[in-house]
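Working through the structure, step by step
Read off the chains here:
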Amino acid sequence: MPGNSGIDALMIPVADEESAGFWEGTAGGELRMQACTACGRLRFPPQVMCPHCRSTGRDWRPVSGSGTVWSFVVPHPPLLAAYTELAPYNVIVVALEEDAALRIVGNLVTRPGGPINEIDPATIRIGEPVRVVFSARPGPGGLEVFLPEWVRAQE
Ligand SMILES: [Zn+2]
């Protein structure tokens, strides 16, 4: 397809100034949320201003990495080429234990670095407990990116 032929790899996020602390955490095996230094509320994704009190004071706090499946989808083609090979796979939205309004999008896997299509999507249940793992995935420029992914809490 013209104009689409250059996209043949999985899309890996790139750290920017605001998210750098998040990615430093994942590289060290820690899930961190940005915290407001004025009101103390956690927020995700990282952003300059607190959506609750409008303070721009912020730092990073580790969280437990436990949560529940809040929602999920099962993508099917048409998809980007790299994803077509993996479909059907799962994309889950996790509500964190600390605050159910903190939600992170990721994949449910059987082990860190495991394929994102290894779990039968028909077995995924809304509300099932999950915990974070960190998977080293090849990122831009050959650098590894430690993506937060999720495994079932019992496994
Ligand atoms: Zn605040």
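Notes on the structure follow. (Residues numbered from 1 in each chain as written. Predicted model: local features only at pLDDT ≥ 70, side-chain atom pairs only at ≥ 80, totals over all residues.)

In terms of regular secondary structure, the protein is built from two helices and eight strands. For 155 residues, the compact-globule estimate of 2.2 N^0.38 gives 15 Å, and the C-alpha radius of gyration of the protein, at 16 Å, lies within 12% of that figure. Counting only C-alpha atoms, the protein reaches 50 × 35 × 25 Å along its principal axes. Expressed as a percentage of its 155 residues, the buried residues of the protein come to 19%. Across the protein, the fraction of contacts at a sequence separation of at least 24, relative to all contacts at a separation of at least 6, is 50%. (Helix = DSSP H or I, 4+ residues; strand = E, 2+ residues; numbered from the N terminus. Rg over C-alpha atoms; globule rule 2.2 N^0.38 Å. Buried ≥ 20, exposed ≤ 12 C-beta atoms within 10 Å, placed from the backbone. Contact = placed C-beta atoms within 7 Å.)

In this section: unusual backbone geometry. Looking along the chain, the bond that leaves F44 and enters P45 is cis, with omega of 0°. Residue placement: P45 occurs in the loop between β2 (42–43) and β3 (58–62). Of the consecutive residues P77 and P78, the connecting peptide bond is found in the cis state with omega at 10°. Here P78 lies in the loop between β4 (66–73) and α2 (81–84). In the Ramachandran plot, R54 falls in the positive-phi region, its phi being about 70° despite a non-glycine side chain. Relative to the elements of secondary structure, R54 occurs in the loop between β2 and β3. Accessibility expressed as a C-beta count within 10 Å gives 10 for R54, which makes it exposed.

Turning our attention to the nonpolar core. If you look at the biggest cluster of nonpolar residues, it comprises 16 residues, and the most contacted ones within it are I92, V94, L108, V130 and W150. Where this core is concerned, the elements lending two or more residues are β5 (91–96), β7 (129–138) and β8 (144–152). Looking at which element gives the most residues to this core, the answer is β7, with four residues. Sequence-distant contacts of V94, defined by excluding residues within four places in its chain, comprise G67, T68, V69, W70, R103, I104, G106, V130 and W150. (Core = buried A, V, L, I, M, F, W, Y, C linked by C-beta atoms within 7 Å.)

What follows concerns the sheet that holds β7. The five strands are arranged β6-β5-β4-β7-β8 in an open sheet whose pairing can be described as antiparallel. Edge positions in the sheet fall to β6 (103–106) and β8, since each of these pairs with one other strand and no more. Across the sheet, the mean angle separating the axes of adjacent strands is 40° when strand polarity is ignored. Looking at chain direction, β4 and β5 are connected through six bridges and run antiparallel. (Pairing = 2+ DSSP bridges. Axes fitted to C-alpha atoms, helices over the stretch in contact; angles between N-to-C directions.)

For helix α1 (residues 20–27), every residue scored as buried is listed here: F22, W23 and G25. When α1 is viewed along its axis, its buried side chains cluster within an angular range of 155° and face the same direction. Elements in contact with the buried residues of α1: β1 (32–36) and β3. G29 lies just past α1 and shows a positive phi near 75°. (Arc of directions from axis to C-beta.)

Our next topic: the sheet that holds β2. With antiparallel pairing, three strands are arranged side by side in an open sheet as β2-β1-β3. The open sheet has two free edges, formed respectively by β2 and β3, since each of these has just one partner strand. Judged from the five bridges that link them, β1 and β3 form a sheet pairing that is antiparallel. Pairing of M33 across the sheet is with R61, part of β3.

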